[in-house]
Amino acid sequence: MRARRHLLTGLISALVVLFLWAPLVNAGINSFNRDILMAAWKGATLLWYRTALADTTVKAGLGQTITIGLATTGLSLALAVTGALWWRRATARGRRLFDLLTYLRIMMPEVVFAVALFLLFSKIGFPLGTLAVIIGHTVWNSAYAALIVQARVLTLDPALDDAAADLGASPWRVFRRVTIPGLLPGIAAAGLLAFTFSFDDVVTSYFLVGNQTAPLPVVLLSMIRFRITPEINAIGMMVMVFTVSLFGAAFLTVSRLGRGARRALSLPSLADQ
Amino acid sequence: MNEAFVRLEGVRKSFGDLVAVRSLDLAIPQGGFFSIIGPSGCGKTTTLRLIAGLEYPDTGRIYVGDRDVTRIPAYRRPVNTVFQSYALFPHLDVTANVAFGLVEERRPKEEIRRRTAEMLRLVQLAGRERARPRQLSGGQQQRVALARALVKHPLVLLLDEPLGALDLKLRKELQGQLKDIQRRVGVTFIYVTHDQEEAFSMSDRVAVMDHGVLEQVGTPEEVYRRPATLFVATFVGEANRFTGKVSVADGGRYRVALDGGTEVAAQGPPGLVPGQAVTLIVRPEHVKIEQDSGAGLPARVTDASFMGPVRHLKLESGRFGTLVVTQHGEAAWAPLDAQVGMSFNDGAAWLVA
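If you're wondering where the values come from, they're calculated on a predicted model, not measured in any experiment.

A. Geometry of the sheet that holds strand β16 (residues 297-306) of chain B. All names here are of chain B. The strand order across the open sheet formed by 5 strands is β15-β19-β16-β17-β18, and the pairing between neighbours is antiparallel. Two strands bound the open sheet, and with one partner strand each, they are β15 (287-290) and β18 (321-328). Strand-to-strand twist across the sheet, computed as the mean angle between neighbouring axes with direction ignored, equals 45 degrees. Note that β16 and strand β17 (residues 310-317) share 6 bridges and pair antiparallel. By the bridge assignment for β17, Phe306 is matched with Arg311.

B. Region of the structure containing the pairing of β17 of chain B. Residues and elements named next belong to chain B. Hairpin geometry of β16 and β17 is characterised by an intervening segment of 3 residues between the two adjacent antiparallel strands and by a positive phi of about 100 degrees at Gly308. Bridge count between β17 and β18: 8 bridges; the pairing is antiparallel. Counterpart to Leu313 in the pairing with β18 is Val325. Between β17 and β18, which pair antiparallel in sequence order, lie 3 residues.

C. Local environment of the nonpolar core. Residues and elements named next belong to chain B. Ile51, Ala147, Leu158, Ile190, Tyr191, Val208 and Leu280 are the most contacted members of the largest nonpolar core, which totals 108 residues. Element by element, the count of residues in this core is highest for helix α4 (residues 138-150), at 6 residues. Other than its neighbours up to four places away in sequence, Ile190 contacts Val6, Ile28, Phe34, Ile36, Leu48, Ile51, Val156 and Leu158.

D. The arrangement of the interface of chain A and chain B in detail. On the side of chain B, 26 residues touch chain A, which itself brings 22 residues to the contact. Listing elements by their share of the side of chain A that touches chain B, those giving two or more residues are α7 (158-166), α8 (171-199) and α11 (230-265) of chain A. Ranked by the residues each element gives to the side of chain A that touches chain B, the list is headed by α7 of chain A, at 6 residues. Looking at the side of chain A that touches chain B, its residues break down into 11 nonpolar, 5 polar and 6 charged.

E. Representation of the packing of helix α2 (residues 94-104) of chain B against α4 of chain B. Residues and elements named next belong to chain B. Where α2 meets α4, the axes come as close as 7 Å, and the angle between the chain directions of the two elements is 30 degrees. Considering their axes alone, α2 and α4 lie roughly parallel with respect to each other. Judged by the twist between their axes, the crossing of α2 over α4 is right-handed. Contacts from Val94, Asn97, Val98, Phe100 and Gly101 in α2 reach Val144, Ala147 and Arg148 in α4. Considering only residue class, the contact of α2 with α4 consists of 5 nonpolar, 2 polar and 1 charged.

Definitions and cut-offs
- Residues numbered from 1 in each chain as written.
- Chains lettered and ligands numbered in written order.
- Predicted model: local features only at pLDDT ≥ 70, side-chain atom pairs only at ≥ 80, totals over all residues.
- Pairing = 2+ DSSP bridges.
- Helix = DSSP H or I, 4+ residues; strand = E, 2+ residues; numbered from the N terminus.
- Axes fitted to C-alpha atoms, helices over the stretch in contact; angles between N-to-C directions.
- Core = buried A, V, L, I, M, F, W, Y, C linked by C-beta atoms within 7 Å.
- Buried ≥ 20, exposed ≤ 12 C-beta atoms within 10 Å, placed from the backbone.
- Contact = placed C-beta atoms within 7 Å.
- Nonpolar A, V, L, I, M, F, W, Y, C, P; charged D, E, K, R; others polar.
- Parallel < 35°, antiparallel > 145°, perpendicular 65-115°, else oblique.
- Left-handed = near helix turned anticlockwise from the far one by under 90°.

Given below as structure tokens:
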């Protein structure tokens, strides 16, 4: 009886997992499928990858995505670091308010911000396009970045700032030589995360790009509406490999950060004296 | 040498409602080992941070040498600090930690290398140049912190309980090394600690603080033998206290009528007048015990502990309560519950108002 129930739940779980991963597997297989209609397997080919890489719209879209991603990452990090440094010295009330604004940017549906920004930009006459998309991405990416950098700020020892000042470092030099190196793992993780999120964003980009060069995810969307070809599968696969590896790098950095913080907390041993 | 090198004049510092230092006047001579002692919260660390420039006073002035540094920020003051938690930079190795301050001075690379290596030899850390702070033991970290501050050739070195986190044996060893290093480099050391013994063993002069107020400054001997206040008398070592009134005053020599009814001779600060209420301080090593309970004041031994070089006794004396006694030598001993006669050297009793 018991074994059968486990069998049932196991079966359902397996089906769910299969269902979740089936599209990816399907896309992966078909990106190599010679059959343009993707109806049956007609042998392996790299044709679709070649087509995709030769497609000027795709290439322009990729360039645009990277431009937006880098700019978003830079802006988000600047906001996150300055915010975290303010947060470090803020009163409890100031901190709560700051945290509330951060969490709101994460919890609010993305489409709400996208529409709101679209309306605001139209009203004040701010042109839609690359810059508008960068601003839109920064709104929520800076919130994720802030959370990560703040977590790192908590591990900084304020006595280190005193020590650096005592040794002759001006406030700017303290920031350069002590604060930034201390925050570096957090900055790296936040940057990778922001870039990854910006890279695969559709909603904000779609609303705010106007008639300028569309970033890759938006290009994909319009390609699907026009005609579904194996080329889309190939692009999807390339984007997936890229984002997964970026995300993996971000994850590794964060987990190493956690270990570093634990190590910092363990007291030096006196036994080996 | 006796001229004040570091001077604090009417310095006051508060944090919100908490007054950490109130109206402090302090003069610290050049080239010596000066300690500031007091219980936690007495304002000693704040005083140190005021001299370092890590805090600014609400009122008053601070001078180092002839220079008024009251409003000079920490990074432009000719003083350096060894912090209680060491505050070593975790992302830099030992060499880079020690060289940190010289890099900020934009010294030539060659000079930085030479001075850093020299300093690492002085603190016996040669061979650990590439280690990160977390790979070092507590004692080694402490020496990196010391080297990092001394390599700047400061006019004054400030030390904030630098041995507080170490175990007793290591602390004793490093006390000796600190004293030795101070003599060799000749820099003025200002050392903050709550440990009176530690301060006594190293210092030329000691300042005692309590509740943000300076209670007394003097050599360890002066502070121990001639405490200015009751607080100093009890904070610095153990003290038997007897209340009474001055009956005869003759310069620094007095006779005191104790509340228990006995009159004794004592020394004290000038200016006490007959009739004035005073407290008589007798250190444990100045209490004499006779096996004959008829000699001196009668008392009973309630506790005895053997400490090696000395024995500690507790006596119960009806009129004067509990007393602590330290005995030296092998002859001196009194069994538990023994009835003894107790007295003390006239010269050893000291009065505080």
